[in-house]
Amino acid sequence: MKNASIGIFDSGIGGLTIAHSIKEKMPNESIIYFGDTKHLPYGEKSNSAIQDFSESITKFLLQQNCKAIVIACNSASSVAYKKVKEITGSVPVFNVIDPVVNYVNKNCNNCNIGIIGTKATIQSNIYSEKIIENNKNQKVHSLATPLLAPMIEEGFINEEISRTIIQNYLKNPILENIDSLILACTHYPLIQEEIQQYYNNNINVIDSANIVANYINEKLESLNLHSETKHADYHFYVSNYTSSFEKSAQFFFQENIKLEEITLPQ
Ligand code: DGL
């Protein structure tokens, strides 16, 4: 079991930022990645649709004998984590929200925390509930920023158009006076620098990909589930292949990877 792969999934290719951080932190771990490109964006879908998609992907990853499941999508982590846990038995499941909430608890007190993400993530209110449940002194200000994920997928980064869209969202009065900002979408690590520039590096922009990878590393250690081999395999599956997804995937994972299309049983 220790040498089995970590199963990671997302609505598409955004979760590759998490997969990349996991690979950097744990180079001996094999990874099976599934991007549900046929159904993206999850951020615009209903909770029940996101739950159904997440359930069939999890079943596929369990069939591949994955030793742990990582929901590398904030939208699915927000609304489908419980559903996924119901079918995984003793296989541990990680979402991308708890590690960040954990980080905030340890590093912020009496903070003014901004959160940006998809509509599904922001409407679920889950970050805000979990942060305040742990510390009533925190103030949380959430804003849906649905144009950012497609903008990043189209490769608009460090350009006039991305600066304009980012600026338009971040100047929203909801985010006035924040001292920390959670990037609650797995696409956003790619625009972290631009966001930091908007704030002239004056606020703490929270890098969830590294935080999630560190958290999973510690948990696998405590569960005695770290791989004992020095050889790692990587497989990248999608539910709909296009060469443009493959090009973006290489950019998100920062390596020359190949995507393989498969059809999941419903
Ligand atoms: N990667 C997804 C997330 O973290 C955003 C993209 C989508 O809406 O499918 O929420």
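All chains use their own residue numbering, which begins from 1 and follows the written sequence. Residue-level local features of this predicted model are given only where pLDDT is at least 70; pairs of side-chain atoms are given and counted only at 80 or more, and the full residue set underlies all totals for whole chains, interfaces and linings. Only hydrogens and water are removed before side-chain values are computed, so all heavy atoms of the structure are retained for them.

Asks: Is there a simple way to explain the environment of S180 in this structure?
Replies: In this fold, S180 is placed in strand 7 (residues 180-184). Through-space distance from the C-alpha of S180 to that of E133 is 18 Å; in sequence the pair is 47 residues apart. We call two residues contacting when some pair of their heavy atoms lies within 4.5 Å. In this view, S180 contacts C108, C111, N112, I113, G114, I203, N204 and I206; residues no more than four positions away in its chain are not counted. Between N or O atoms, a polar contact is any pair within 3.5 Å; within protein, one atom must be a potential hydrogen donor and the other a potential acceptor, and residues adjacent in sequence are included only when both atoms are from side chains. Among the polar contacts listed, one links the side chain of S180 to the side chain of D179, at a separation of 2.9 Å. Every helix listed is a DSSP run of H or I at least four residues long, and every strand listed is a run of E at least two residues long, numbered separately from the N terminus.

Asks: How should the state of the cysteines be read in this particular structure?
Replies: In what follows, a disulfide is any cysteine sulfur pair within 2.5 Å. This structure, assessed with the given rule, holds zero disulfides. The thiol of C73 is not disulfide-bonded; the next cysteine sulfur, from C185, is found 7.2 Å away. The closest cysteine sulfur to the non-disulfide-bonded C108 is located on C111, 3.6 Å from its own sulfur.

Asks: Please clarify how the sheet that holds strand 9 (residues 234-238) should be interpreted in this entry.
Replies: The pairing of strands in a sheet comes from backbone hydrogen bonds and takes either a parallel or an antiparallel form. Pairing between two strands is assigned when DSSP locates at least 2 bridges connecting them. Across the sheet, which stays open at both edges, the six strands sit in the order 4-3-1-2-9-10 with parallel pairing between neighbours. The open sheet has two edge strands, strand 4 (93-94) and strand 10 (260-261), and neither has a second partner. When strand 1 (residues 6-10) meets strand 3 (residues 68-71), the two strands line up parallel, connected through four bridges. Looking at strand 3, one finds that I8 is bridged to V70. In the packing of helix 1 (residues 16-25) onto the sheet, contacts are made with strand 1, strand 2 (31-35), strand 3 and strand 9, and the angle to strand 2 comes to roughly 170°. Inter-axis angles, ranging from 0 to 180 degrees, are taken between N-to-C directions of lines fitted to C-alpha atoms, where helices are fitted over the stretch in contact.

Asks: Which parts of the structure should I look at to understand unusual backbone geometry?
Replies: Keep in mind that most residues, glycine aside, have a negative phi and that most peptide bonds are trans. Along the chain, L40 connects to P41 via a cis peptide bond; the corresponding omega equals 0°. Relative to the helices and strands, P41 resides in the loop between strand 2 and helix 2 (47-63). Residues other than glycine seldom take positive phi values, yet N158 does so here, at roughly 55°. Secondary-structure assignment places N158 in the loop between helix 7 (148-153) and helix 8 (160-170). Even without being glycine, N177 reaches a positive phi, approximately 70°. Exposure remark for N177: the relative accessible area of 62% places this residue in the exposed category. The classification of residues rests on relative accessible area computed with a 1.4 Å probe and restricted to protein chains. Under 20% of the type maximum is buried, over 50% is exposed, and intermediate values are partly exposed.

Asks: How should I be thinking about helix 3 (residues 74-87) in this particular structure?
Replies: Since the α-helix turns once every 3.6 residues, residues separated by three or four places project in the same direction. By this rule the span expected of a helix is its residue count minus one, scaled by 1.5 Å. With 14 residues, helix 3 extends 19 Å from end C-alpha to end C-alpha; this agrees with the ideal 20 Å at 1.5 Å per step. Residues of helix 3 that are buried: N74, S75, A76, S77, S78, V79, A80, Y81 and V84. Positive backbone phi, at 55°, marks G89, one or two positions downstream of helix 3.

Asks: Would you take a moment to explain the sheet that holds strand 6 (residues 139-144) for this structure?
Replies: Reading across from one edge, 6-5-7-8 is the order of the four strands in this open sheet, with parallel pairing throughout. Only two strands of the sheet have a single neighbouring strand rather than two, namely strand 6 and strand 8 (204-206). In this sheet, adjacent strand axes meet at a mean angle of 20° when their direction is disregarded. Bridge analysis of strand 5 (residues 112-117) against strand 7 gives five bridges, and the strand direction is parallel. The residue bridging I115 from the neighbouring strand is I182, located in strand 7. The strands that helix 6 (residues 126-134) touches are strand 5, strand 6 and strand 7; relative to strand 5, the one it contacts most, it runs at about 155°.

Asks: Whenever I open this one, the packing of helix 1 against helix 10 (residues 208-222) confuses me. Can you help?
Replies: A pair of packed helices is captured by two measures, namely the crossing angle of their axes and the spacing between those axes. Running from amino to carboxyl end, helix 1 crosses helix 10 at an angle of 50°, the nearest separation of the two axes being 8 Å. One element, helix 1, and the other, helix 10, form an angle in the oblique class. The crossing of helix 1 and helix 10 is right-handed. Along its contact with helix 1, which presents T17, I18, S21, I22 and K25, the element helix 10 presents A209, N210, V212, A213, N214, I216 and N217. The cut-offs work like this: below 35 degrees is roughly parallel, past 145 is roughly antiparallel, 65 to 115 is roughly perpendicular, and the gaps in between are oblique. For any helix crossing, the convention is left-handed if the near helix is rotated counterclockwise from the far helix by under a right angle, and right-handed if that rotation is clockwise.

Asks: Would you mind going over the packing of helix 1 against helix 11 (residues 243-253) with me for this structure?
Replies: Across the interface, helix 1 lies against helix 11 with an axial gap of 8 Å and an inter-helix angle of 40°. When the interaxial angle is binned, helix 1 and helix 11 end up oblique. Crossing of helix 1 over helix 11 shows right-handed handedness. On helix 11, the residues that touch L16, T17, A19, H20 and K23 of helix 1 are A249, F252 and F253. Its residues assigned to classes, the contact of helix 1 with helix 11 shows five nonpolar, two polar and one charged. Residues are grouped as follows: Ala, Val, Leu, Ile, Met, Phe, Trp, Tyr, Cys and Pro are nonpolar; Asp, Glu, Lys and Arg are charged; all remaining types, including Gly, are polar.

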